[in-house]
Amino acid sequence: MGDLDAEIQNPNESEGDHDIAISFSKPVAAEVARKGGVFIPLKTTLETRAREKIGKVYVTSVPAKLASTVLNLVRKLVPDDGGIDFQHLRRFAKLKDLPPHVRELVADASASSDLFLIAGPIIAIPFTDLLHELTSILKEVYMVEVDVPLLAPTSQEQATSWTAKYWPTVYKKSNPFGPHPSIVERAEEEMRGEVEGYMELAERVAREGYEGNKGEKVGVVVVERKERKGRVVAVAGDARWDGWGKGGRGSGNVVAHAVMRAIGMVAGGLKAREEIDSGTEPKVDAIADIFKDEALLPIEKEHFDPSGNENGYLCHELEIYCTHEPCVMCSMAIVHSRFGRAVFKRRMGETGGLCADGELGHGLFWRKELNWTLLGWQWLHDVGEQEPEANSHLHA
């Protein structure tokens with residue numbers, strides 16, 4: 001239903017923009033386990049589009065005793081409402097529930113009718129054809145064209161506004177453009193007592209990698225969650241300058257970004273486990289050294305869990321906590337690796353791949369045309385906190 005933009009192109013339409021204790025594989029200093037902060041759910045690409053896509057429908061007056069008969073005829077004449085989902089709209093409405101401008105349109109019919117019915121989109125059937133068929137049931141037919149929202153509301157406030165402005169609208173406590181609100185809220189509750197510790201750990205590995213001339217000051221933490229409790233399985237800092245010579249060769253080793261290294265560590269654990277289970281000898285690949293997917297820093301070695309992801313496929317349903325919004329390459333790697341949740345601290349408007357409302361607008365965490373979606377948030381220490389500074393040109 002979220003892809004109506006592609007399905008309906010009608011010149012009569014108008015658009016507007018209205019509007020839990022922390023569990024680490026190794027101990028971590030107690031002071032980083034403070035609770036607090038706020039999750040800011042990422043908006044999907046559909047959520048950032050125009051929120052009011054309007055289309056015209058026929059509305060006809062109907063006596064209550066003939067309501068079912070007329071609706072059955074309409075469904076026969078316009079199967080599936082011409083491909084438009086009207087579940088968010090009241091199919092029948094009483095005069096008192098209509099907004100004032102619609103009441104004026106149907107004033108001539110109000111004396112003889114109990115209900116008013118949405119009889120389908122005007123692009124699905126010609127006015128004269130519908131009028132002719134309705135006269136076989138109704139003695140007098142009063143029919144007008146009315147603007148209605150084609151996309152479902154994402155809040156009760158929006159439904160109330162549309163009811164007053166267009167037609168009685170229903171909010172079904174769902175999000176037609178992204179993850180269901182209850183799923184997002186439940187995930188936030190699971191992570192709330194742990195996120196600050198994971199973020200501090202990501203900041204620590206970022207600092208150590210930067211001070212050790214390995215790479216930029218970027219870090220990530222990968223967490224496996226069981227029975228609502230998280231466990232760190234990999235920690236990685238950026239290593240794009242390790243053996244590369246900082247500033248001498250463009251952007252450095254792009255496959256040694258922190259996210260790519262963390263994914264490589266988890267994959268390495270899975271590979272090692274499979275080799276042990278099958279009794280095969282580990283293969284040495286000199287070329288693989290470019291990926292820097294082995295623990296290099298003491299903090300990385302301290303928290304690396306070589307057992308791999310117990311879900312069995314790369315990073316399936318794991319969580320990744322990042323100091324910065326990952327770049328487009330790393331964001332796609334997160335999607336392809338099947339992470340379940342991604343949380344970052346610093347938005348990267350010019351280079352980030354997860355956000356849909358940044359300059360790039362990719363919103364890769366939730367794209368229905370991709371074969372995987374995940375939950376995504378920015379995390380700040382406190383409500384109203386100014387975002388941490390970051391080099392806007394950095395590809396994290």
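Structure first, text after, so check above.
So, a few notes on the structure that sits alongside this text. (Residues numbered from 1 in each chain as written. Predicted model: local features only at pLDDT ≥ 70, side-chain atom pairs only at ≥ 80, totals over all residues. Heavy atoms only, no water.)

Looking now at the sheet that holds strand β11 (residues 375-380). Strand order in the open sheet formed by six strands is β2-β11-β10-β9-β7-β8, with mixed pairing between adjacent strands. Two strands lie at the open edges of the sheet, namely β2 (38-41) and β8 (229-237), each paired on one side alone. Ignoring strand direction, the axes of neighbouring strands in this sheet form an average angle of 25 degrees. Across four bridges, the pairing between strand β7 (residues 219-226) and strand β9 (residues 319-324) is antiparallel. Across the sheet, Val223 pairs through a bridge with Glu319, a residue of β9. Across the sheet, helix α7 (residues 195-211) touches β2, β7, β8, β9, β10 (341-346) and β11, and the angle it forms with β7 is around 145 degrees. (Pairing = 2+ DSSP bridges. Helix = DSSP H or I, 4+ residues; strand = E, 2+ residues; numbered from the N terminus. Axes fitted to C-alpha atoms, helices over the stretch in contact; angles between N-to-C directions. Contact = heavy atoms within 4.5 Å.)

Below, the discussion takes up the nonpolar core. In this structure, Val221, Val222, Ile320, Tyr321, Phe339 and Val343 are the most contacted members of the largest nonpolar core, which totals 55 residues. Beyond its immediate sequence surroundings of up to four residues, Val343 is in contact with Phe39, Met191, Val195, Met199, Ile320, Tyr321, Cys322, Trp377 and Trp379. Core analysis: the second largest hydrophobic core is formed by 20 residues, Ile54, Val59, Leu98 and Val146 among them. (Core = buried A, V, L, I, M, F, W, Y, C linked by side-chain atoms within 4.5 Å. Buried < 20%, exposed > 50% of the residue type's maximum accessible area, 1.4 Å probe, protein only.)

Attention now moves to the pattern of salt bridges. One pass over the full model with this rule turns up 21 salt bridges. Here Arg341 makes a salt bridge to Glu319, at a shortest N to O gap of 2.9 Å. Residue Arg341 is located in strand β10, and its partner Glu319 is located in strand β9; the two are separated by 22 residues in the primary sequence. For the pair Arg341 and Glu319, a shared accessibility class is recorded, and that class is buried. Taken together, the shared-partner salt bridges connect Glu190, Glu194, Arg225, Arg228, Glu319 and Arg341 into one network. (Salt bridge = Lys/Arg side-chain N within 4 Å of Asp/Glu carboxyl O.)

Moving on, we come to unusual backbone geometry. Positive phi, close to 50 degrees, is recorded for Asp81, a residue that is not glycine. Residue position: Asp81 is located in the loop between α2 (67-77) and β4 (92-93). The exposure class assigned to Asp81 is buried, which follows from its relative accessible area of 12%. Although it is not a glycine, Arg228 adopts a positive phi angle of roughly 70 degrees. Of note, Arg228 is situated in the loop between β7 and β8.

Here we take up the packing of aromatic side chains. A complete count under the given rule lists three aromatic pairs for this structure. Look at Phe39 and Trp377: their rings are 5.9 Å apart centre to centre, the planes differ by 65 degrees, and that puts the pair in the edge-to-face class. On the criterion of sequence distance, the pair formed by Phe39 in strand β2 and Trp377 in strand β11 is long-range, its members being 338 residues apart. Each member of the pair, Phe39 as well as Trp377, carries the same accessibility label: buried. (Phe/Tyr/Trp six-rings, centres within 6.5 Å; stacked < 30°, edge-to-face > 60°.)

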